[in-house]
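# Topology and contacts: notes
One letter stands for each residue in the lines below.
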Amino acid sequence: MLPPPVRLYLCPMDERKNLIGLDRDELAAEMAAIGEKPFRAKQVWHWVYNRGETDFARMTSISKVMQARLAERYVVRRPQVAREMLSSDGTRKWLFAFDDGNEAETVYIPDVDEDRGAVCLSSQVGCTLTCRFCHTGTQLLVRNLTAAEVVGQFMAARDTYGEWPTPDDGGRQLSNIVVMGMGEPLYNFDNIAAALKILMDGDGIGISKRRITLSTSGVVPMMRRCGEELGINLAVSLHAVTDEVRDRIMPINKKYPLAELMRACRDYPGASNARRITFEYIMLKGVNDSAADARALLKLIKGLPAKFNLIPFNPWPGSDFECSDMADIKRFSDILQDAGYSAPIRLPRGRDILAACGQLRSDSKRERCTRLKARLEAGIPDERHPVPAG
Ligand code: SAH
Ligand code: SF4
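### Some points on the site of ligand 2
Taken together, Cys127, Leu129, Thr130, Cys131, Phe133, Cys134, Gly137, Gly183 and Ser217 form the complete shell of residues around ligand 2. In the shell around ligand 2, the residues fall into five nonpolar, four polar and no charged.

### Quick notes on the sheet that holds strand β12 (residues 277-283)
Read across the open sheet, the nine strands follow the order β3-β4-β5-β6-β9-β10-β11-β12-β13; overall the sheet is mixed. The open sheet is flanked by β3 (80-86) and β13 (306-312), the only strands paired with a single partner. Sheet twist, expressed as the mean angle between neighbouring strand axes with direction ignored, is 25°. Sheet topology note: the strand β5 (residues 103-110)/strand β6 (residues 117-120) ladder contains four bridges and is antiparallel. Note that in β6 the partner of Tyr108 across the bridge is Val119. Seen against the sheet, helix α4 (residues 147-161) touches β3, β4 (92-97), β5, β6 and β9 (174-179) and runs at an angle of roughly 130° to β4.

### Describing the environment of Pro305
Here Pro305 is to be found in the loop between α10 (291-300) and β13. Under the relative-accessibility criterion, Pro305 is labelled buried at 15%. Considering only alpha carbons, one finds Pro305 and Arg276, 29 residues apart in sequence, at a separation of 4.8 Å. Setting aside chain neighbours within four positions, we find Pro305 in contact with Ala271, Ser272, Asn273, Arg276 and Ile277.

### With respect to the nonpolar core
Within the largest apolar cluster, 108 residues are counted, with the highest numbers of intra-cluster contacts made by Phe133 and Phe279. Summarising the domain contributions, this core has at least three residues from each of domain 1 (17-77) and domain 2 (80-353). When near neighbours in sequence (up to four residues on either side) are disregarded, Phe133 contacts His239, Ile249, Met250, Ile282, Leu284, Phe313, Trp316 and Phe321.

### Digging into the pattern of salt bridges
Counted under the stated rule, the structure contains 24 salt bridges. Salt-bridge contacts for Glu36 lead to Arg69; the nearest nitrogen and oxygen are separated by 2.6 Å. Residue Glu36 is found in the loop between α1 (24-33) and α2 (38-50), and its partner Arg69 is found in helix α3 (residues 64-73); the two are separated by 33 residues along the sequence. The exposure class assigned to Arg69 is partly exposed, which follows from its relative accessible area of 27%. Measuring nitrogen to oxygen at the nearest pair gives 2.8 Å for the salt bridge that ties Asp100 to Arg143. Taken together, the positions of Asp100 in the loop between β4 and β5 and Arg143 in strand β8 (residues 143-144) put the pair 43 residues apart, joining distant regions of the chain. Residue Asp100 is classed as partly exposed on the basis of its relative accessible area of 46%. In the salt-bridge network here, residues are joined through shared partners; they are Arg24, Asp201 and Asp203.

Cut-offs used in this document
- Residues numbered from 1 in each chain as written.
- Chains lettered and ligands numbered in written order.
- Predicted model: local features only at pLDDT ≥ 70, side-chain atom pairs only at ≥ 80, totals over all residues.
- Heavy atoms only, no water.
- Near = heavy atom within 4 Å.
- Nonpolar A, V, L, I, M, F, W, Y, C, P; charged D, E, K, R; others polar.
- Pairing = 2+ DSSP bridges.
- Helix = DSSP H or I, 4+ residues; strand = E, 2+ residues; numbered from the N terminus.
- Axes fitted to C-alpha atoms, helices over the stretch in contact; angles between N-to-C directions.
- Contact = heavy atoms within 4.5 Å.
- Buried < 20%, exposed > 50% of the residue type's maximum accessible area, 1.4 Å probe, protein only.
- Core = buried A, V, L, I, M, F, W, Y, C linked by side-chain atoms within 4.5 Å.
- Domains from an automatic or database assignment.
- Salt bridge = Lys/Arg side-chain N within 4 Å of Asp/Glu carboxyl O.

Written out as structure tokens, the structure is:
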């Protein structure tokens, strides 16, 4: 007997090209292709990235004829909000769904007592690097995010706060960007670089490079380019002071061990006492949190323009570690501060909304699987995951 025919239930896709994610040259090329003069590209750029406009009909400096021509071929589309959660401390987390149904997380973390804060962007769906303490590391890499999806995360976050047009005076809640969400940004450098250049553009969103920090687990060969081409701040997820421990908790250390990583930090373009490299250090009970570890850390970064960020481990179901005791974290911080370094203990934020990296996506996937199972049992195929109909 022949197998039953496969019925596909795909979402109808909009064939029009999304203008979000195009850089100035690409936008100019699109405008040229539809017979428009170069200054039109500048106008569209301003509408899209400075005013945050998504409807061509409201781009009033553009003729009605051109508006119609644009609407025929293009869209200005953000990722869809699949879930949104607001913590009691003001931290807000979105799970964004992209055109192919993949999802990634974005978080807004307000500064305590201040009217500004950082948007934490994801760079990949999942991660290849399997750091033992990281929830994202348990999710296989699905794919790199495109420049459009990275810029789109920021723009969609800004929609929530109504910060369009871009305020001239810098007075905005979403004042900073940290590329510290899901994924390893230096394994998706070209797309991240393209996205950050768009986000930095002064006639668009206009976030200064001094307000942008990229966090890497230590992809040594890409660090120099990050400094040279983008000039942004660097954060390094160090988390251990010996290769033995780092190999165990961060498998990337086997490829780029501590000595190489520290050399790349010393060579990071633009690092200075005014622009220090942040060393992130996750506090894992009994693993890396002794006084001797703190002193070894000082030795390791000697001579480097460094500051620290001590991160209490945020546990997740099934994780193998415990967070260090607060007294041990405090002792660790005191040793670094007594040596003259800034070493704040990062306040746990948004714990009530699963703020550990990668948790919201897993939670949503689990829910979807349960829904899909129920639909299959009831004989109803799922639109997003086509299955043979029996
Ligand atoms: N891949 C990059 C950026 C994303 S991870 C990197 O590793 O730097 C961002 C930061 O969150 C890293 O410092 C990472 O070590 C930390 N992190 C991951 N899981 C965590 C957890 N469960 N609790 C606290 N911090 C965590
Ligand atoms: Fe990937 Fe960073 Fe998580 Fe490691 S800590 S698994 S590099 S996202």
